[in-house]
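# Chain and residue survey
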Amino acid sequence: MEEKGTASSWVEKPFNRELMMARTLQAIREMLPIPFTADVEAVNCHHNYISREHHYGKDVWVTRKGAVSAQKGQLGIIPGSMGAKSFIVRGLGNAESFCSCSHGAGRVMSRTEAKRRVSLDEHKRAVAGVECRVDETVIDETPSAYKPIDKVMAAQSDLVEVLHTLKQVVCVKG
């Protein structure tokens with residue numbers, strides 16, 4: 001039986017992400033003075049890739065640039081900018097989007113334009129309360145260079161269901 005929007009079984013899970021998660025959990029267990037277990041499902045979500053999938057009765061190559069898979073029931077993460085919230089989502093399997101959703105807010109300014117238009121003081125105010133690098137080398141990633149994440153999420157309410165909203169406290173760039 002053919003289903004719309006199902007990913008091929010040969011698509012491999014990124015082993016490096018599983019290894020990073022295992023090592024992070026190991027480090028937490030070694031550092032905490034109390035026993036620690038993590039019996040939760042990890043959200044393994046990558047973007048900017050190509051995948052062989054089955055859509056509209058055909059096997060096709062789907063290129064996701066700035067997008068992630070949003071197969072029905074699949075967990076994902078949609079990050080905001082350096083100073084914005086992020087979202088844990090569940091895919092709704094929307095066939096018209098090839099079971100995809102956005103990977104994040106998307107730019108409203110090029111990197112060059114952001115460096116030209118945004119001052120270091122403006123950038124510092126925009127990321128107040130977030131532990132991150134605050135210097136001229138990251139101004140191209142300043143929050144005002146991106147679309148408002150709430151509008152982006154509203155525009156894709158037919159693609160994903162928001163399960164959790166995360167407040168950003170740390171942002172690591174480059």
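Conventions adopted
- Residues numbered from 1 in each chain as written.
- Predicted model: local features only at pLDDT ≥ 70, side-chain atom pairs only at ≥ 80, totals over all residues.
- Heavy atoms only, no water.
- Helix = DSSP H or I, 4+ residues; strand = E, 2+ residues; numbered from the N terminus.
- Buried < 20%, exposed > 50% of the residue type's maximum accessible area, 1.4 Å probe, protein only.
- Contact = heavy atoms within 4.5 Å.
- Lys, Arg positive; Asp, Glu negative; His and termini not counted.
- Charge placed at Lys NZ, Arg CZ, Asp CG, Glu CD.
- Pairing = 2+ DSSP bridges.
- Phe/Tyr/Trp six-rings, centres within 6.5 Å; stacked < 30°, edge-to-face > 60°.
- Axes fitted to C-alpha atoms, helices over the stretch in contact; angles between N-to-C directions.
- pLDDT = per-residue confidence, 0-100.

Attention now goes to the overall build of the protein. Looking only at helices and strands, the protein features four helices and ten strands. Its helices and strands in sequence order give the protein the pattern β-α-β-β-β-β-β-β-α-α-β-α-β-β, from N to C terminus. Principal-axis analysis of the C-alpha atoms places the extent of the protein at approximately 60 × 45 × 25 Å. A total of 174 residues make up the protein; the buried ones form 34% of that total. Taking contacts inside the protein between residues at least 6 apart in sequence as the whole, the part at least 24 apart equals 68%. Of the side-chain charges in the protein, 24 are positive and 21 negative, and the distance between the mean point of each set is 4 Å.

Two faces make up the sheet, and in a regular strand the side chains alternate between them. Most of strand S6 (residues 86-91) sits inside the fold, with five of its six residues counted as buried. As paired elements, strand S5 (residues 75-78) and S6 share four bridges and run antiparallel to each other. Pairing of Leu-75 across the sheet is with Arg-90, part of S6. Note that S6 and strand S9 (residues 160-166) share six bridges and pair antiparallel. In the strand pairing of S9, Val-89 is matched with Val-162.

Our next topic: the packing of aromatic side chains. Applying the stated criterion across every chain yields a total of one aromatic pair. Measuring from centroid to centroid gives 5.8 Å for Tyr-56 and Phe-98, while their planes differ by 70°, and the two rings are edge-to-face. With a gap of 42 residues between them, Tyr-56 in the loop between strand S2 (49-55) and strand S3 (58-64) and Phe-98 in the loop between S6 and strand S7 (100-102) connect regions that are remote in the sequence. On the basis of relative accessibility, which here comes to 42%, the residue Tyr-56 falls in the partly exposed class.

With antiparallel pairing, the three strands of this open sheet are ordered in space as S5-S6-S9. Of all the strands in the sheet, the pair left with one neighbour each is S5 and S9. For this sheet the average axis-to-axis angle between neighbouring strands, irrespective of direction, equals 30°.

Scored by pLDDT, the protein has a mean of 87; 91% of the residues are at 70 or more. Contacts for the low-pLDDT stretch residues 6-11, under 50 throughout, to residues beyond four places or in other chains number twelve contacts.

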